[in-house]
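# Overview (structure and organization)
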Number of protein chains: 2
Amino acid sequence: MENFLRLLRSKGFKLTPQRRAIIAALLSCAPFPTAQDIHRHIRQTAPDVSLDTVYRNLALLIRLGTVNQVNLPGGSAFEIVAGHHHHHLICLACGRAECIDYCPVITADLAQAEDRGFTVVSHSLEFYGYCRDCRPAG
Amino acid sequence: MENFLRLLRSKGFKLTPQRRAIIAALLSCAPFPTAQDIHRHIRQTAPDVSLDTVYRNLALLIRLGTVNQVNLPGGSAFEIVAGHHHHHLICLACGRAECIDYCPVITADLAQAEDRGFTVVSHSLEFYGYCRDCRPAG
DNA sequence: ATTCCTGCAAACCATTTGCAATCAT
DNA sequence: ATGATTGCAAATGGTTTGCAGGAAT
């Protein structure tokens, strides 16, 4: 939390209660909250935060590089950029995501891309399947 | 094309001109057309195909397993399920996608997931960067 | 005092749906 | 004849934007 506030201050952004609430929610919420999840979570303690403010602040944090946006069917989810690189397990039944440390991608292997003049700067890798709770019986 | 028609017929679906046009577009269009791309492409030769029909038929083809849906920021793109497994290079500037044959994922390595009771059935891997045309000067 | 932020409401865009008419079988 | 399929138009749901008032610096 302190890191976020420091970063915002250093760039000249103001520390409003709404902004604090949104960051707090990101830190305490489910692993991959949507904007609406965050809004719902905040409502309990700070009903005076509108949904568009949530969107605006998420956009700001993304611009500052401290939050990642994950494209899911039907909308986007967000996560704090963790210290370490990781990927996600996404349940096809309930839609929940979990982090997984496995990452087999070796940038040096991407000669094919370079050969075609494509410069790779990042990648996203999601695993789809069924979580413990949704695992089909049998 | 014949494969598609055979599949549809065998499942009791009707072969309408709209349906043929949509499949033809999928086969001839850019690599990862959105629903709107397909609609625009079709308009030239068959103006009598509405956008919702494009959506409905894409949904049908996805249900039949012959078309993949790729989630991109701002919407979905579609591709015919090719014979071989592959991934995509996505340009952060122009949004275009290209196929790449590289895939480092080894399902056997996903012990972490299995340990947590998560059954992996598939994965998606996208590389982000800049294509030849958009490569930042310098 | 200045500049940034916010809430509201309306706009937007992709996608979905209800319905009556139409078409492939 | 029958049931699937279509076009239309309206609804939906996530996200963005314009604007005027309000808050942090």
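All of these numbers come straight from a predicted model, not from anything done at the bench.

About the thresholds
- Residues numbered from 1 in each chain as written.
- Chains lettered and ligands numbered in written order.
- Predicted model: local features only at pLDDT ≥ 70, side-chain atom pairs only at ≥ 80, totals over all residues.
- Heavy atoms only, no water.
- Helix = DSSP H or I, 4+ residues; strand = E, 2+ residues; numbered from the N terminus.
- Contact = heavy atoms within 4.5 Å.
- Domains from an automatic or database assignment.
- Buried area = accessible area lost by both parts, 1.4 Å probe.
- Salt bridge = Lys/Arg side-chain N within 4 Å of Asp/Glu carboxyl O.
- Nonpolar A, V, L, I, M, F, W, Y, C, P; charged D, E, K, R; others polar.
- Axes fitted to C-alpha atoms, helices over the stretch in contact; angles between N-to-C directions.
- Parallel < 35°, antiparallel > 145°, perpendicular 65-115°, else oblique.
- Left-handed = near helix turned anticlockwise from the far one by under 90°.

Here we come to the side chain of Thr66 of chain B. On the secondary structure map, Thr66 of chain B appears in the loop between α4 (51-63) and β1 (67-72). In this structure Thr66 of chain B touches Phe4, Leu7, Leu61, Glu79, Ile80 and Val81 of chain B, once residues within four positions along its chain are discounted.

Looking now at the domain arrangement of chain A. Residues and elements named next belong to chain A. Segmentation of chain A into domains returns domain 1 (1-82) and domain 2 (84-138). For domain 1 versus domain 2, the distance between C-alpha centres works out to 23 Å. Overall, the association of domain 1 and domain 2 removes approximately 550 Å² of surface from exposure, summing both partners, and the carbon and sulfur fraction of that is 69%. Taken together, domain 1 and domain 2 are joined by 0 salt bridges. A per-class count over the side of domain 1 that touches domain 2 returns 5 nonpolar, no polar and 1 charged.

Now for the interface of chain B and chain A. In this assembly, 39 residues from chain B lie in contact with 39 residues from chain A. At the boundary of chain B with chain A, total buried surface from both sides reaches about 3400 Å², with 54% on carbon and sulfur atoms. Contact with chain A buries surface across chain B, with Tyr102, Arg116 and Phe118 of chain B losing the most and accounting together for 20% of the total. Counting across the chain B and chain A interface gives 2 salt bridges. Put simply, Glu98 of chain B and Arg116 of chain A hold a salt bridge, and the shortest N to O gap is 2.9 Å.

Attention now goes to the packing of helix α3 (residues 35-43) of chain A against helix α4 (residues 51-63) of chain A. All names here are of chain A. Contact pair α3 / α4: the axes reach a minimum separation of 9 Å and the direction vectors enclose 120 degrees. The orientation of α3 with respect to α4, classified from their angle, is oblique. In this structure, α3 crosses over α4, and the sense of that crossing is right-handed. In this structure, α3 contributes Ala35, Gln36, Ile38 and His39 to the contact, and α4 contributes Leu51, Val54, Tyr55 and Leu58.

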